[in-house]
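Understanding the architecture of this molecule
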Amino acid sequence: MPKKSYRQAINEAIRQEMARDERVIIMGEDISGGMGAPGEQDAWGGPMGVTKGIMPDFSRDRVLDTPITESAFIGCAAGAAATGLRPVAELMFVDFMGVCFDQIFNQAAKFKYMFGGKAVTPLTIRTMYGAGFRAASQHSQCLYPLFTHIPGLKVALPSNPYEAKGLLTQAIRDDDPVIVFEHKAMYDDEGEVPDEAYTIPFGEANVTREGDDVTIVAFGRMVNFANEAADNLEKAGISCTVVDPRTTSPLDRDTILETTEETGRLVVVDEAHPRCNMASDIVGLVSQEMFGALKAAPQMVTAPHCPVPFSPALEDIYVPGVARIEAAVRQAMGKGH
Amino acid sequence: MPKKSYRQAINEAIRQEMARDERVIIMGEDISGGMGAPGEQDAWGGPMGVTKGIMPDFSRDRVLDTPITESAFIGCAAGAAATGLRPVAELMFVDFMGVCFDQIFNQAAKFKYMFGGKAVTPLTIRTMYGAGFRAASQHSQCLYPLFTHIPGLKVALPSNPYEAKGLLTQAIRDDDPVIVFEHKAMYDDEGEVPDEAYTIPFGEANVTREGDDVTIVAFGRMVNFANEAADNLEKAGISCTVVDPRTTSPLDRDTILETTEETGRLVVVDEAHPRCNMASDIVGLVSQEMFGALKAAPQMVTAPHCPVPFSPALEDIYVPGVARIEAAVRQAMGKGH
Amino acid sequence: MQLSRNDLLAAYRKMRLIREFEDAVHEEFSAGNIPGFVHLYAGEEASGVGICMHLDDRDAIASTHRGHGHCIAKGCDERGMMFEIFGKKDGLCGGKGGSMHIADLSVGMMGANGIVGGGPPLICGAALTAKTLKTGGVAVAFVGDGASNQGTTFESYNLAKVWNLPAVFVVEDNGYAESTASVWSVGGSQAARAAGFGMPCTEVDGHDFFAVWEAAREAIERARNGEGPSMLHVRLNRYYGHFEGDAISYKGEGEIERVKAEKDALMLFRNRVIETSLLDAGDMDAIDREVKERIVQCVTEAKAGASPTEADLLTDVYTSAY
Amino acid sequence: MQLSRNDLLAAYRKMRLIREFEDAVHEEFSAGNIPGFVHLYAGEEASGVGICMHLDDRDAIASTHRGHGHCIAKGCDERGMMFEIFGKKDGLCGGKGGSMHIADLSVGMMGANGIVGGGPPLICGAALTAKTLKTGGVAVAFVGDGASNQGTTFESYNLAKVWNLPAVFVVEDNGYAESTASVWSVGGSQAARAAGFGMPCTEVDGHDFFAVWEAAREAIERARNGEGPSMLHVRLNRYYGHFEGDAISYKGEGEIERVKAEKDALMLFRNRVIETSLLDAGDMDAIDREVKERIVQCVTEAKAGASPTEADLLTDVYTSAY
Ligand SMILES: Cc1ncc(C[n+]2csc(CCOP(=O)(O)OP(=O)(O)O)c2C)c(N)n1
Ligand SMILES: Cc1ncc(C[n+]2csc(CCOP(=O)(O)OP(=O)(O)O)c2C)c(N)n1
Ligand SMILES: [Mg+2]
Ligand SMILES: [Mg+2]
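The structure reproduced in this document is the subject of the present report.

Let us look at the overall build of chain A. Helices and strands together make up the secondary structure of chain A, namely 12 helices and 14 strands. Relative to a compact globule of 337 residues, whose C-alpha radius of gyration would be 20 Å, chain A shows 20 Å and is just as compact. On the principal axes, the C-alpha backbone points of chain A span a range of 65 × 45 × 40 Å. Relative to its 337 residues, chain A shows a buried fraction of 75%. Partitioning the contacts of chain A with sequence separation of at least 6, the portion at a separation of at least 24 is 81%.

So this is what it looks like as structure tokens:
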């Protein structure tokens, strides 16, 4: 299979869906770039170059640069979705959700329910999340727990290029509003990605490895850290199952419960802040549904309850890393590990 | 002790703090009312009359009606707090947070950390939450899990008039941004409230009753439902401890852990949606910290994963009620209960 | 474009339908039969009707918390609306939405909205759909004077302008946002704000159906012709409180009564069409009777309607299995 | 009010300090020594300095992601800033904030801001504090052309107007928001928008320190006298990319070079004060040398500075024990 970057995978998914369905349009700040400017058009392709090259192929009619006006354009995308388009809007950093959250959680997410089932809102919002980029407190947050909390939204966290293409394609074809969280530190990650379009169904976890001792459930970029930790632990004789739920909403409860039952030990790795997050969400689920099946205390590996610090020295200890995952697994294994 | 309503308790807390400290001001939409109008001034006192009568006593210089402009006035309150006032801003319904969340979670909440500790932001935001009012999807949400997730914010949920006055007074005197969640169905609830000013420290749970069999942790209005359920269960021979954490952030982990250890059974009652909420937050905490201490599966009683429906017929089954709490306790007690 | 006799009859009927509908809801609410928050459009009928008469099913509107009038004007079924307001299963939204969330996308009504300023961005979306799919459609956002201060509204003006969207922003200025006067809350003026974004604005007396109709015709034609967005600043009055239960003490003495006596929209319409012999009183009396009966029937049926049941609670959250 | 010789020397020094600071950060970033997102103010010095010269410690400013120049102009310590940008413990924010969050409330600098449009509401707050506590203070929000389209900005205009706050909104229009031209993204015009909210607006050439200084004087005096908010529309250019790493391909050919050659703010200032014999070249050359040394020293020390440690990670989240 051809190797592609996370960035390329996303770009390809968008192109293929635009080619497939003329109702698919994309919009966002500088997603093409150079709008109204005397110099190069398509100068940016978004701040990370993810959408670069799409405008020349699909024209400015379907690749819409916006003013800096998230409420208006995210709401516009929601309204367009409700009236016949299938917009893919880019919220550059998820940290900016605070200026436009209403249009996402009170409008797009609730149309269907409030309107008695008669609305269809095929809206996709692509957004960038996560720490590790020395981007400081307002450009490094995760925030997917906030979106996961809201009924009516679906939330996807692709953990590698293959997932990125498949989940984004599914998001675009999905008839509900979906927020796709792209980790800013993964755009250059490479992986095998088929050339043809494919979808990955929502609510179906990917078990990246199977083991006997501990189940690690991890999200987004943390899946890679979990796999790395599992590799290291393997050498120490600890065998891990790693579950990538792929979507936090819907959540593949069954796979999480089954794999945890098999190992009897659970570690959840969530890059988000610790309160009301996915780690406690999963531990809560397992504790209520599978009481008695755990052999040891479930472990939650998360970022601490503080804003993301700028200084590399601090950020490096802020981000839940491989070492902390290993330590949590050893903790779950108990004395002697 | 004199009896007062939740509404009066809040009004009194504000007045006393305004009298005590001239830096305390209040602002919000129609918190006085009649601004610029030819008729009665102080016509409203907020949509529920909570702040009525304060303006005549403290003048429009310190009781500021605002245009409908939540980003500007909540942000203004944050900026005023950082520069020497102690504003109490009213976000009429917490459901409106989506138009102004940025000023709360990226600005006010992070000043102190981003600025290396040198900011002090004594901002209080009063807001109304909760279902049961037939106010439908955009005026009935809880959303406190979203605020609890954010480092830098404190979150209080007064469960009765006494708590309302004490927690709000503490919020106003506190040097960090605090969001006080007032349940819209409780304004007419009466209870004993001292005339003099007093504070209730944040992060100290209130154990409203002690029992041997099950610990119920409940938030806000749900505390009352939990107490009612406990009364009923008492008659059936099941004895409950009821814990009102009062603040979700900071959280009194110790009291929750200790009381749960004593009973060995845990039920958490959270009016919010089920995902990434306080119920899983507490169950996660207990499961990780106190593995093996539970005799039965912890139970989470929450609203379902759907927007709040309008129809009374639906809303009544939407809201977690006394019967569901009792059922969860019986479930925790196991067969025969 | 000219108003035919049929147009006039239709316009009058819609306005009367809105008035009767709102009066009936007012009574039922006062009697304790309707739950929740209800905001009535009575007094503002000429605006919704005068504007929506230019619209067809290609076109979309977004409304506000005060949405009943816009719904009726855009063609929502009044029986389904009444059921909805009573929270019944046969309501337009299955009883899940209620007064503040009535919508019917099949007729281009994108929803009342519980969020002040929620509608304008959505209308940019409907306008973008029309532009992209070349449907010829136009999108209209109704915005209260209070909502005209919300950031989402300004952003939408600008987005519509720079994308040259077929959109019209109708500022329905009834002088108050809750109890706060717009003379105080609106810095500058609506027309100057429109100019600030390079949009034309027409100020119009919202009690005068014909004035509204004419101003709307121009703005909507402009949008339909690809000439971009514009604003209508419509001055009008609401007859009831902000919401049902409001004592309206902030209004001036006799303020509402004066409006009712001097420029009630239905009265002005009646006088005008009779004076100019376009319709006669009998035509309109017949409509009045028919509409009254219709509304009584709606109320009666809605009261008797079945409520949704537990089985309905978790449906309609997602399109696909979840 | 007139500019004394000392004022002129101070103004020139501040502008030079900003230029040197930014050039140094540019070099260090290019060399891979500075992490994160960095947005440089080089080219825009006359705006920040011309405005902040009217302000003292009673007064507050809110800045943007492009904040270094505003910080220096308002009196933040450049050494602490450099440490901050390098993420060091002795940084103005202990290394926790970085380039986008430099602040020093003790000198009325309320923070650079990573959120476009984040500052204007905060400035309403500082203005409200000044008004309520009668400090005589004025609050100034710097707003990019891109940020001028954000709803938070419009809301702040209106709030400042209806509350009659001592606020000034400075739209620093460098022609671009990232790669998007303001001629496209700004519907209408800044001046017309100000008029829309009933605020006066002065358009000013942001390369010309004296023009900025004069316009700012009026706006700030007006605010200080209780006459309410106003806007300055300052046209200027940035010399570097949107952020460090930007190839700037969207600008016209020779666009930056032409500005540098024809209207560089420092050059214009120099020429003007020499022509009018207010200062002589030697005065300024001395400043140039002193400032260069100072910045070299800041960089050297910042590079060598200690990083924060694990013990610092969880401090400064709350004021009280948590
Ligand atoms: C974002 C938001 N803020 C506040 C409210 C509460 N609220 C509902 S209607 C209203 C007044 C609206 O005034 P206006 O826009 O003039 O409309 P009118 O009621 O006069 O029709 C307010 C403040 C809300 N629903 N949403
Ligand atoms: C709410 C928000 N949206 C988008 C961004 C990303 N962003 C950062 S700076 C910028 C451009 C700002 O342009 P302008 O206001 O003109 O300031 P300039 O960079 O030209 O100084 C954008 C889009 C952001 N930081 N915050
Ligand atoms: Mg109004
Ligand atoms: Mg700019």
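Glancing now at the site of ligand 1. As a matter of local geometry, ligand 1 sits amid 21 residues, with Glu70 of chain B together with His65, Arg66, Gly114 and Asn174 of chain C nearest to it. What surrounds ligand 1 is not a single chain but chains B and C. Here an oxygen atom of ligand 1 sits 2.8 Å away from a polar atom, N or O, in the side chain of asparagine 174 of chain C. Note that an oxygen atom of ligand 1 is positioned 2.8 Å from one of the backbone N or O atoms of tyrosine 176 of chain C. Relative to its free-state accessible area of 580 Å², ligand 1 is covered by the protein chains to the extent of 97%.

This part takes up the coordination of the magnesium ion (ligand 4). Residue and element names in this part refer to chain D. Bound to the magnesium ion (ligand 4) are the protein donor atoms Asp145 (OD), Asn174 (OD1) and Tyr176 (O), situated 2.1 Å from the metal. Every donor residue of the magnesium ion (ligand 4) comes from the same chain, spaced as D-x28-N-x1-Y. Residue aspartate 145 is found in the loop between β2 (139–144) and α6 (151–162), and its partner tyrosine 176 is found in strand β4 (residues 176–177); the two are separated by 31 residues along the sequence. Tyrosine 176 shares its class with aspartate 145; the two are buried.

Moving on to the nonpolar core. One finds Phe147 of chain A, Phe147 of chain B, Phe269 of chain C together with Phe269 of chain D to be the most contacted residues of the largest nonpolar core, which totals 416 residues. Residues contacting phenylalanine 269 of chain D, with those up to four places away along its chain left out, are Leu8, Ala11, Tyr12, Met15, Phe209, Phe210, Leu279 and Met284 of chain D.

Time to look at the site of ligand 2. Around ligand 2, a shell composed of 21 residues is seen, among which Glu70 of chain A together with His65, Arg66, Gly114 and Asn174 of chain D lie nearest. In this structure, ligand 2 sits where chains A and D come together, each supplying nearby residues. Residue aspartate 145 of chain D places a side-chain N or O atom 2.9 Å away from an oxygen atom belonging to ligand 2. Protein coverage of the free-state accessible area of ligand 2, which is 580 Å², stands at 97%. Class assignment of the residues belonging to the shell around ligand 2 gives a composition of 8 nonpolar, 8 polar and 5 charged.

Attention now goes to the coordination of the magnesium ion (ligand 3). All names here are of chain C. The protein atoms donating to the magnesium ion (ligand 3) are Asp145 (OD), Asn174 (OD1) and Tyr176 (O), with metal-donor distances spanning 2.1 Å. Counting along the primary sequence, the residues that act as donors to the magnesium ion (ligand 3) give the motif D-x28-N-x1-Y. Placement of the pair is aspartate 145 in the loop between β2 (139–144) and α6 (151–162) and asparagine 174 in the loop between β3 (167–173) and β4 (176–177), with a sequence separation of 29 residues. Note on accessibility: aspartate 145 and asparagine 174 belong to one class, buried.

Here we come to unusual backbone geometry. In the segment running from serine 249 of chain A into proline 250 of chain A, the intervening peptide bond is cis, with an omega of 0°. If you check the backbone angles, aspartate 42 of chain A has positive phi at about 55° while not being a glycine. Following the sequence through the fold, aspartate 42 of chain A ends up in the loop between β2 (24–28) and α2 (54–58). We note that cysteine 276 of chain B has phi near 45°; this positive angle belongs to a residue other than glycine. Its place among the elements puts cysteine 276 of chain B in the loop between β13 (266–270) and α10 (278–289).

Moving on: the interface of chain A and chain C. By convention, interface size is frequently given as the accessible area that disappears when the constituent parts associate. Between chain A and chain C, the residue contacts involve 44 residues of the former and 39 residues of the latter. Of the roughly 3,300 Å² buried between chain A and chain C, counting both surfaces, carbon and sulfur atoms make up 64%. For chain A, the biggest contributors to the area lost against chain C are Tyr113, Met114 and Phe115 of chain A; these three give 20% of the whole. Linking chain A with chain C are 0 salt bridges. The interface formed by chain A and chain C contains 18 residue pairs in polar contact (both at pLDDT 80 or more).

On to the pattern of salt bridges. Counted according to the given criterion, the structure contains 84 salt bridges over all chains. Residue arginine 294 of chain C is joined to glutamate 78 of chain C by a salt bridge in which the shortest nitrogen-to-oxygen separation is 2.8 Å. With arginine 294 of chain C in helix α12 (residues 281–304) and glutamate 78 of chain C in helix α4 (residues 78–85), the pair connects residues that are 216 residues apart, well separated along the chain. Per residue, the accessibility class of arginine 294 of chain C equals that of glutamate 78 of chain C, and both read buried. Between arginine 224 of chain D and aspartate 59 of chain D there is a salt bridge, with the nearest N and O atoms lying 2.8 Å from each other. Within this pair, whereas arginine 224 of chain D is found in helix α9 (residues 209–224), its partner aspartate 59 of chain D is found in the loop between α2 (45–52) and β1 (60–62), the two being separated by 165 residues in sequence. With relative accessibility at 0%, the residue aspartate 59 of chain D sits in the buried group. One continuous salt-bridge network, built from bridges that share partners, spans Lys4, Glu12, Lys165 and Asp195 of chain A.

The next point concerns the environment of cysteine 276 of chain A. Residue classification places cysteine 276 of chain A among the buried positions, given a relative accessible area of 1%. In sequence terms cysteine 276 of chain A and histidine 149 of chain A are 127 residues apart; their C-alpha atoms lie 9.0 Å from each other. Among residues more than four places away in sequence, those in contact with cysteine 276 of chain A are Pro145 of chain A together with Pro145, Thr148, His149, Cys276, Asn277, Met278 and Asp281 of chain B.

Residues and elements named next belong to chain B. Two elements in contact, helix α8 (residues 221–235) and helix α12 (residues 322–333), have axes whose closest approach is 9 Å; the angle formed by their N-to-C orientations is 55°. With respect to their mutual orientation, α8 and α12 come out oblique. Considering how the two elements wind past one another, α8 and α12 form a crossing that is right-handed. The segment α8 lies against α12, with Phe225, Ala226, Glu228, Ala229, Asn232 and Leu233 engaging Val322, Ile325, Glu326, Val329 and Arg330. Taken together, the residues of the contact of α8 with α12 break down into 7 nonpolar, 1 polar and 3 charged.

This part takes up the relation of the copies chain B and chain A. Between chain B and chain A, which share one sequence, the superposing operator has a rotation angle of 180° and an axial displacement of 0.0 Å; the RMSD is 0.0 Å. Such a turn and shift between the copies fits a two-fold axis. Closest to the rotation axis within chain B is the C-alpha of cysteine 276 of chain B, separated from it by 2.3 Å. A high fraction, 100%, of the interface residues of chain B reappear at the interface in chain A, so the copies pair face to face through one surface.

Below, the discussion takes up the sheet that holds strand β9 (residues 206–209) of chain A. All names here are of chain A. Here we have 5 strands laid out as an open sheet, ordered β9-β11-β10-β13-β14, and mixed in their pairing. Both edges of this open sheet fall to β9 and β14 (299–302), since each of them pairs with a single strand only. Ignoring which end each strand starts from, the neighbouring axes of this sheet average 20° apart.

Turning our attention to the packing of aromatic side chains. Tallied over the entire structure, the rule returns 52 aromatic pairs over all chains. Their ring planes at 75° and their centres at 5.5 Å tell us that phenylalanine 147 of chain A and phenylalanine 181 of chain A sit as a pair that is edge-to-face. Of the two residues, phenylalanine 147 of chain A sits in helix α6 (residues 144–149) while phenylalanine 181 of chain A sits in strand β7 (residues 178–183), which places them 34 residues apart along the sequence. A residue is classified by how much of its surface remains accessible, and phenylalanine 181 of chain A, at 0% relative accessible area, is buried. An aromatic cluster is defined as three or more aromatic residues linked by ring pairs; in this entry it consists of Phe101, Phe105, Tyr129, Tyr144, Phe147 and Phe181 of chain A together with Phe101, Phe105, Tyr129, Tyr144, Phe147 and Phe181 of chain B. Note that arginine 272 of chain C overlies the ring of phenylalanine 210 of chain C, its terminal NZ or CZ placed 4.2 Å from the centroid.

Listed by partner, the interface residues are 54 residues for chain B and 54 residues for chain A. Both sides together, the interface formed by chain B and chain A hides about 4,500 Å², and carbon and sulfur atoms give 63% of it. The tally of links from chain B across to chain A stands at 2 salt bridges. The shortest N-O distance in the salt bridge between arginine 275 of chain A and aspartate 281 of chain B comes to 2.8 Å. Linking chain B with chain A are 25 residue pairs in polar contact (both at pLDDT 80 or more), by the criterion used here. Of all the elements in the fold, those that place two or more residues in the side of chain B that touches chain A are α4 (101–108), α5 (111–114), α6 (144–149), β12 (247–249), α10 and β14 (299–302) of chain B. Examining the composition of the side of chain B that touches chain A, we find that 8 residues originate from one element, α10 of chain B, more than from any other.

What counts and what doesn't
- Residues numbered from 1 in each chain as written.
- Chains lettered and ligands numbered in written order.
- Predicted model: local features only at pLDDT ≥ 70, side-chain atom pairs only at ≥ 80, totals over all residues.
- Heavy atoms only, no water.
- Helix = DSSP H or I, 4+ residues; strand = E, 2+ residues; numbered from the N terminus.
- Rg over C-alpha atoms; globule rule 2.2 N^0.38 Å.
- Buried < 20%, exposed > 50% of the residue type's maximum accessible area, 1.4 Å probe, protein only.
- Contact = heavy atoms within 4.5 Å.
- Near = heavy atom within 4 Å.
- Polar contact = N/O pair within 3.5 Å; in protein donor to acceptor, adjacent residues only side chain to side chain.
- Areas by Shrake-Rupley, 256 points an atom, 1.4 Å probe, with all protein chains shown as cover.
- Donors = N, O, S within 2.8 Å, 3.2 Å for Na, K, Ca; no water.
- Core = buried A, V, L, I, M, F, W, Y, C linked by side-chain atoms within 4.5 Å.
- Nonpolar A, V, L, I, M, F, W, Y, C, P; charged D, E, K, R; others polar.
- Buried area = accessible area lost by both parts, 1.4 Å probe.
- Salt bridge = Lys/Arg side-chain N within 4 Å of Asp/Glu carboxyl O.
- Axes fitted to C-alpha atoms, helices over the stretch in contact; angles between N-to-C directions.
- Parallel < 35°, antiparallel > 145°, perpendicular 65-115°, else oblique.
- Left-handed = near helix turned anticlockwise from the far one by under 90°.
- Least-squares fit on C-alpha atoms with pLDDT ≥ 70 in both.
- Pairing = 2+ DSSP bridges.
- Phe/Tyr/Trp six-rings, centres within 6.5 Å; stacked < 30°, edge-to-face > 60°.
- Lys NZ or Arg CZ within 6 Å of the ring centre and 35° of its normal.

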